[in-house]
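Single-letter residue listing:
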Amino acid sequence: GGNDTLITDRLPEDLTISKCYFFKPDKWNPASDDYNDQNWNCKNLFELKMCRRCYIHSCVLEGSWVDGQSGYAISIKIANQTNTNPWAETIDVLMENCLIKRSARGFHILGSDGEGYPSGSLQRVLIRNILFHTLGGEEADTEDFRTQGKVVLFTTIRKPIKHLTFDHVTFVAQEGHHTTGIVAE
């Protein structure tokens, strides 16, 4: 959601997300031939804003395009969005053995709150054994990715990301799709 938590000094802990299929149907994509004329304001397929000890494994994430956000399949960050959660932090995240396909972009990893409010840190994130397939594209694509695909964008404008590891992350390029690798800002 788009709001800070109302419970003081608490955040989700010990999450396990296993063998799930995160999917947005083409009928939600305005550029698809299957579009049903309803605006769904689509965002990321998966997003962590604050948590401790999250394990995501053996999942498929499919169908992310530029719409309500910039088309990243996965966003991992900390978020004190309205300056009411200064304890927000994201620590000890492991994502492994997942397939990410048909997405404008891959991972967006943000080391500090985008609004500049005080918060904890993003630390100890391990991404391993991830396969990307059909990332990015051209404006003329029927998938309407509308952006050059970035496999990973990590941003450390206000705070560093502590202990971020990518291990065996593979991208299978699709002919005619534009992509870049890791981008740091």
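All of these numbers come straight from a predicted model, not from anything done at the bench. (Residues numbered from 1 in each chain as written. Predicted model: local features only at pLDDT ≥ 70, side-chain atom pairs only at ≥ 80, totals over all residues. Heavy atoms only, no water.)

## A short note on the packing of aromatic side chains
Link 1 in the chain: For the structure shown, the criterion picks out five aromatic pairs.
Link 2 in the chain: Relative to Phe132, the ring of Phe107 lies with its centre 5.8 Å away and its plane at 85°, an arrangement referred to as edge-to-face. Taken together, the residues span a long stretch of sequence, with Phe107 in strand β8 (residues 105–110) and Phe132 in strand β9 (residues 122–135) at a distance of 25 residues.
Link 3 in the chain: In this structure an aromatic cluster arises from ring pairing among Phe107, Phe132 and Phe166. (Phe/Tyr/Trp six-rings, centres within 6.5 Å; stacked < 30°, edge-to-face > 60°. Helix = DSSP H or I, 4+ residues; strand = E, 2+ residues; numbered from the N terminus.)

## What about unusual backbone geometry?
Link 1 in the chain: The phi dihedral of Arg53 falls on the positive side, at around 60°, and the residue is not glycine.
Link 2 in the chain: Structurally, Arg53 can be placed in strand β4 (residues 51–57).
Link 3 in the chain: In this structure, His168 is a non-glycine residue whose phi angle is positive, near 60°.
Link 4 in the chain: Topologically, His168 is positioned in strand β11 (residues 162–172).
Link 5 in the chain: For His168, a relative accessible area of 58% puts it in the exposed group. (Buried < 20%, exposed > 50% of the residue type's maximum accessible area, 1.4 Å probe, protein only.)

## A closer look at the side chain of Thr90
Link 1 in the chain: Tracing the chain through its elements places Thr90 in strand β7 (residues 90–103).
Link 2 in the chain: A relative accessible area of 0% places Thr90 in the buried class.
Link 3 in the chain: At 3.4 Å, the side chain of Thr90 forms a polar contact with the backbone oxygen of Lys49. (Polar contact = N/O pair within 3.5 Å; in protein donor to acceptor, adjacent residues only side chain to side chain.)

## Observations concerning the pairing of strand β6 (residues 72–76)
Link 1 in the chain: The buried fraction of β6 amounts to five of the five residues, a majority that puts the element mostly inside the structure.
Link 2 in the chain: Pairing of strand β3 (residues 46–48) with β6 involves three bridges; the strand directions are parallel. Pairing of Glu47 across the sheet is with Ser75, part of β6.
Link 3 in the chain: Bridge analysis of β6 against β8 gives four bridges, and the strand direction is parallel. Paired with Ile74 across the bridge in β8 is Phe107. (Pairing = 2+ DSSP bridges.)

## Structural notes on the nonpolar core
Across soluble globular proteins, you tend to see nonpolar side chains buried next to one another.
Link 1 in the chain: The biggest cluster of nonpolar side chains holds 27 residues, and the ones touching the most others in it are Ile56, Leu61, Ile74, Met95 and Phe107.
Link 2 in the chain: Residue assignment for this core shows that the elements contributing at least two residues are β3, β4, β6, β7, β8, β9 and β10 (149–155).
Link 3 in the chain: Per-element tally for this core: the top contributor is β9, with six residues.
Link 4 in the chain: Residues within four places of Phe107 in sequence aside, it is in contact with Tyr72, Ile74, Met95, Ile100, Ile127, Ile130, Phe132, Val151, Val152, Leu153 and Phe166. (Core = buried A, V, L, I, M, F, W, Y, C linked by side-chain atoms within 4.5 Å. Contact = heavy atoms within 4.5 Å.)

## Concerning the side chain of Asn44
Link 1 in the chain: Tracing the chain through its elements places Asn44 in the loop between β2 (21–23) and β3.
Link 2 in the chain: For Asn44, a relative accessible area of 16% corresponds to the buried category.
Link 3 in the chain: Among the polar contacts made by the side chain of Asn44, one reaches the side chain of Glu47 at a distance of 3.3 Å.
Link 4 in the chain: Only 2.8 Å separates the side chain of Asn44 from the side chain of Gln69, close enough to count as a polar contact.

## Side note on the confidence of the model for the protein chain
Link 1 in the chain: For the protein chain, per-residue confidence averages 83 on the pLDDT scale, and residues scoring 70 or more make up 81% of the total.
Link 2 in the chain: Confidence scores differ between elements of the protein chain, with strand β12 (residues 179–184) showing the lowest mean pLDDT of 64 and strand β1 (residues 13–18) the highest of 98. (pLDDT = per-residue confidence, 0-100.)

## Concerning the environment of Trp65
Link 1 in the chain: Of note, Trp65 is situated in the loop between β5 (60–64) and β6.
Link 2 in the chain: The sequence separation of Trp65 and Asn29 amounts to 36 residues, and the corresponding C-alpha distance is 7.6 Å.

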